[in-house]
Amino acid sequence: MFKLIYIEQSLVEHKRTRKILDRFPQAEQVICERYNEVFNRRKQNFRFQKQQPALIIAEKSGKFVMPTPEGYGIGGISNYYFSHMLNCIYDCRYCFLQGMYQSANIVLFINYEDFSCQIEKTIESSDDNPHFFSGYDCDSLALDPISGFSNHFLKLFEKHSNAIIELRTKSVQIRGLLKRRALPNCVVAFSLNPQSVSTVLEKGTPTLSQRMRVIKKLSSNGWPIGLRFDPLIYHKNWKAQYDSLFRYVFKNVSLINIHSVSLGQFRLPMKMFKRIHTLYPEEQILSWGLSEKNGQVSYQEQWALEMHEFCLTSLKKYVSADIIFPCPSTKIETIKI
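Quick caveat, the model's predicted, so the values are computed rather than measured. (Residues numbered from 1 in each chain as written. Predicted model: local features only at pLDDT ≥ 70, side-chain atom pairs only at ≥ 80, totals over all residues. Heavy atoms only, no water.)

> Go over the overall build of the protein, please, and point to the residues and values.
The number of helices and strands found in the protein is 13 helices and 18 strands. For the protein, the C-alpha atoms occupy an extent of roughly 55 × 45 × 35 Å along the three principal directions. Taking all 337 residues of the protein together, 57% fall into the buried category. Of the accessible surface of the protein, which amounts to about 15500 Å², a share of 49% is contributed by carbon and sulfur atoms. (Helix = DSSP H or I, 4+ residues; strand = E, 2+ residues; numbered from the N terminus. Buried < 20%, exposed > 50% of the residue type's maximum accessible area, 1.4 Å probe, protein only. Areas by Shrake-Rupley, 256 points an atom, 1.4 Å probe, with all protein chains shown as cover.)

Here you go:
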C-alpha cells in the first residue's frame, strides 16, 4: 500500500513504528525531524499525491482533544473530537480534507498514550456523558490493521462506560472489533450513500453492499451501529435513489442495535470550496446548484430543504425521530456562486 514512509527521527525505534515498517519491508524510508516539514511544505500537488500517498509516522503535541463544531453530535451535551490521523486513504470528491491540507500524504500520530491521558482527563472533569468522535480528520478504521488504533482506544473506553466514542468509517476493516466483546459505549458509524453516488464521488471506498455486510456482522455481534447519510447529494432521480437506499439499509440491519441516524447536506467552508474547485474544476458537484451564506457553501435553499424534508420523512418510517440527528446547516439563503 505505502511505497514511501517518512518517520520522525525520535520515533525510529518506537515499537509501533517497528510494527508498521515490518508490514512494508519494500517501502522507502525517509527520516525527518518533524512531520510538518513534509506535510506542510508549500507548492505540493495534492491531486498528484492522492494517486500514491506516502505515510508519515509522527508524534502529536499540544492539544489532543478539541470541542466539536457547533451542531456536530448525536445527542450528547459535551462533544469532543480527537485525530490520531490526518487525511484519508479514500478519495471522496466532496471531502473537506482536500481543501484543508496542502498535502495528500497521511499522517499517523503514534503517541496514543498522550491522547489517552487527555481523553481521561476530559472524561474525569465532565459532569455528564461526554461524546468523543475519532473520525473527524480521517477514517477511523480504514488503516486499523496497520495502526492498531481500535485495540488501544477501546481498552480505554472499556474502563469509562459513562463516555461514548464514535468510530466513523466507510471501510470494512472490522477484524479488530470482532476480536473483542462489543462495547455498548462504542458506536461504529458508517457513512452511506446510494451506490450510484458512491461510484462517482467516493473513489476507492468499499461498495454499499460490502459496507452493509460488515454492518450486519457487527450488529449481530452486539455492536451499536450508527448510520450516517451525510452528505446528501443532489443528483438525477435522487428521491428514488435515497428511498431505495433507506429500504435496503433498514431491511438488512436489526433496529435493536441502531444507536443513531444522522443526515446532512453537502457543505464546505468557502475557502476550502475554492481550493477543491481549483483542484477539480471539471467536477459537476462543484459546479452547479450551489449557494453561499456566511462563508459556507451548500445547495441552494430550495434543493436543500426539499432533500432534507424528503429524507427526514422517509427515515421516520423506519426509526424513531428520537435517534435521528439532522445537521443544523440545512437552511441557507440562495446566493449564486
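> Before we move on, could you go through the environment of Phe157 and cite the residues and values that matter?
In this structure, Phe157 sits in helix 7 (residues 149-158). Taking the relative accessible area as the measure of exposure, Phe157 reaches 0% and is therefore buried. Once the C-alpha coordinates of Phe157 and Ile123 are considered, the two residues, 34 residues apart in sequence, prove to be 9.9 Å apart. With sequence-adjacent residues up to four places away left out, Phe157 is seen in contact with Ile119, Ile123, Phe132, Ala163, Ile164, Ile165 and Asn185. (Contact = heavy atoms within 4.5 Å.)

> Provide a residue-level description of the pairing of strand 16 (residues 290-293), including the pertinent values.
Judged from the four bridges that link them, strand 16 and strand 17 (residues 296-299) form a sheet pairing that is antiparallel. By the bridge assignment for strand 17, Ser291 is matched with Ser298. In textbook terms, the turn of a hairpin is the stretch between consecutive antiparallel strands, and for strand 16 and strand 17 this stretch comprises two residues, one of which, Asn294, has a positive phi near 50°. (Pairing = 2+ DSSP bridges.)

> How would you explain the pairing of strand 17 if you had to name every residue and give the values?
Two strands pair when backbone bridges link them, and strand 15 (residues 267-269) and strand 17 are joined in this way by three bridges, in the antiparallel orientation. Looking at strand 17, one finds that Leu268 is bridged to Val297.

> Summarise the nonpolar core; cite the residues concerned and give the values.
If you look at the biggest cluster of nonpolar residues, it comprises 108 residues, and the most contacted ones within it are Leu227, Phe229 and Tyr299. Core analysis: the second largest hydrophobic core is formed by five residues, Tyr72, Ile74, Tyr81 and Phe133 among them. (Core = buried A, V, L, I, M, F, W, Y, C linked by side-chain atoms within 4.5 Å.)

> Explain helix 1 (residues 15-23) to me, using residue names and the numbers behind them.
Buried residues of helix 1: Arg16, Thr17, Ile20 and Leu21, and no others. One face of helix 1 carries all of its buried residues, which in axial projection span an arc of 130°. For helix 1, the exposed residues lying more than 90 degrees away from the buried face are Lys15, Lys19 and Asp22. (Arc of directions from axis to C-beta.)

> Talk me through the confidence of the model for the protein; I want residue IDs and the actual numbers.
Confidence in the prediction for the protein averages 93 pLDDT; 97% of positions are at 70 or higher. Scored below 50 in pLDDT, residues 330-337 makes 26 contacts in the model with residues more than four places away or belonging to other chains. (pLDDT = per-residue confidence, 0-100.)

> Can you tell me about the packing of helix 11 (residues 238-252) against helix 13 (residues 301-315), naming the residues and giving the values?
Remark: helix 11 packs on helix 13, axes separated minimally by 10 Å, with the N-to-C direction vectors making an angle of 25°. Taken together, helix 11 and helix 13 sit at an angle that is classed as roughly parallel. The hand of the helix 11/helix 13 crossing is right-handed. Note on element contacts: helix 13 touches helix 11 through Glu306, Met307, Phe310, Cys311, Ser314 and Leu315, opposite Trp238, Lys239, Tyr242, Asp243, Phe246 and Phe250. Tallied by class, residues from the contact of helix 11 with helix 13 come to eight nonpolar, one polar and three charged. (Axes fitted to C-alpha atoms, helices over the stretch in contact; angles between N-to-C directions. Parallel < 35°, antiparallel > 145°, perpendicular 65-115°, else oblique. Left-handed = near helix turned anticlockwise from the far one by under 90°. Nonpolar A, V, L, I, M, F, W, Y, C, P; charged D, E, K, R; others polar.)

> So what about the sheet that holds strand 8 (residues 106-109)? Which residues, and what values?
In space, the five strands of this open sheet follow the order 2-1-3-8-6, with mixed pairing throughout. On the outer flanks of this sheet lie strand 2 (28-32) and strand 6 (85-86), each paired with one strand and no other. In terms of strand pairing, strand 1 (residues 4-8) meets strand 3 (residues 55-58) through three bridges, oriented parallel. For Tyr6, the partnering residue across the bridge sits in strand 3 and is Ile56.

> Residues and numbers for the environment of Gln9, please.
With respect to the helices and strands, Gln9 occurs in the loop between strand 1 and helix 1. Look at Gln9 and you get partly exposed, because its relative accessible area is 47%. Separated by 21 residues in the primary sequence, Gln9 and Val30 place their C-alpha atoms 9.4 Å from one another. Apart from the residues lying within four places of it in its own chain, the contact partners of Gln9 are Ile31, Cys32 and Glu33.

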